[in-house]
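# Examining the three-dimensional arrangement
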Amino acid sequence: MDINGPMRIGVLQTDGVAGWELHFDFRKEFQALDLPQQAEEFQRYLTTLASEIASMPEDDPDRQGMLLVQQLSEQLLEYIASGDLALNETIKVQVEQSVAVTSLNDLLKSLP
């Protein structure tokens, strides 16, 4: 699934731990926007993400990965809107492997 948004999401397999490390990097174009525009653009991204998830079949293996990305992204909105997030730094999130996110690696490789 290809969802254009304000950030790139990368995934790395973690050594010695069953799971992944997600890397969220904000695009330069997004960083160049003023604060209200960033909040608006990020909210638009969340709306698009929710729409894409809703259109997926419940049993689609990528759906769980998309839900994880949505949940993490929703947590960022408040900090983006307030300007309390350094958009030029990589946000790293450790995700433990589970049956629910076995397709996360494939899903995130397909995101821009």
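In this report, we go over the structure that sits alongside the text. (Residues numbered from 1 in each chain as written. Predicted model: local features only at pLDDT ≥ 70, side-chain atom pairs only at ≥ 80, totals over all residues. Heavy atoms only, no water.)

Here we come to the overall build of the protein. Secondary structure summary: the protein contains four helices and three strands in total. Element order for the protein, N to C, with α for helix and β for strand: β-β-α-α-α-β-α. Burial statistics for the protein: of 112 residues in total, 38% are counted as buried. Across the protein, every contact between residues at least 6 apart in sequence was considered, and the portion connecting residues at least 24 apart equals 68%. As presented, the protein carries roughly 6,500 Å² of accessible surface, and 48% of it is formed by carbon and sulfur atoms. (Helix = DSSP H or I, 4+ residues; strand = E, 2+ residues; numbered from the N terminus. Buried < 20%, exposed > 50% of the residue type's maximum accessible area, 1.4 Å probe, protein only. Contact = heavy atoms within 4.5 Å. Areas by Shrake-Rupley, 256 points an atom, 1.4 Å probe, with all protein chains shown as cover.)

Okay, helix H3 (residues 61-82) next. At Leu76, H3 shows its strongest bend, of approximately 30°. Between a side-chain oxygen at the N-terminus of H3 and the backbone nitrogen of Asp62 the separation is 2.8 Å; the capping residue is Asp60. (Bend = angle between axes of the 7 residues up to and from the residue. Polar contact = N/O pair within 3.5 Å; in protein donor to acceptor, adjacent residues only side chain to side chain.)

Relative to the helices and strands, Gly83 is located in the loop between H3 and strand S3 (91-96). For Gly83, a relative accessible area of 43% translates into the label partly exposed. Between the C-alpha atom of Gly83 and that of Leu35, which follows or precedes it by 48 residues, the distance is 6.6 Å.

Quick look at helix H2 (residues 35-54) now. Residues spaced three or four apart along an α-helix point in a common direction, a consequence of the helix completing one turn every 3.6 residues. End to end, H2 covers 29 Å across 20 residues, agreeing with the expected 28 Å (1.5 Å per residue, within 8%). Taken together, the buried positions of H2 are occupied by Gln38, Ala39, Phe42, Tyr45, Leu46, Leu49 and Ile53. One side of H2 carries all its buried residues, which in axial view fall inside an arc of 120°. Along H2, exposed side chains directed more than 90 degrees from the buried face belong to Pro36 and Ala54. Against strand S1 (7-13), strand S2 (19-26), helix H1 (28-31) and H3 lie the buried residues of H2. (Expected span 1.5 Å × (residues − 1). Arc of directions from axis to C-beta.)

Core analysis: the biggest nonpolar cluster contains 23 residues, and Met7, Phe26, Phe42, Tyr45, Leu76 and Ile80 have the highest contact counts within it. Counting only elements with at least two residues in this core, the list comes to S1, S2, H2, H3 and S3. Element by element, the count of residues in this core is highest for H3, at six residues. (Core = buried A, V, L, I, M, F, W, Y, C linked by side-chain atoms within 4.5 Å.)

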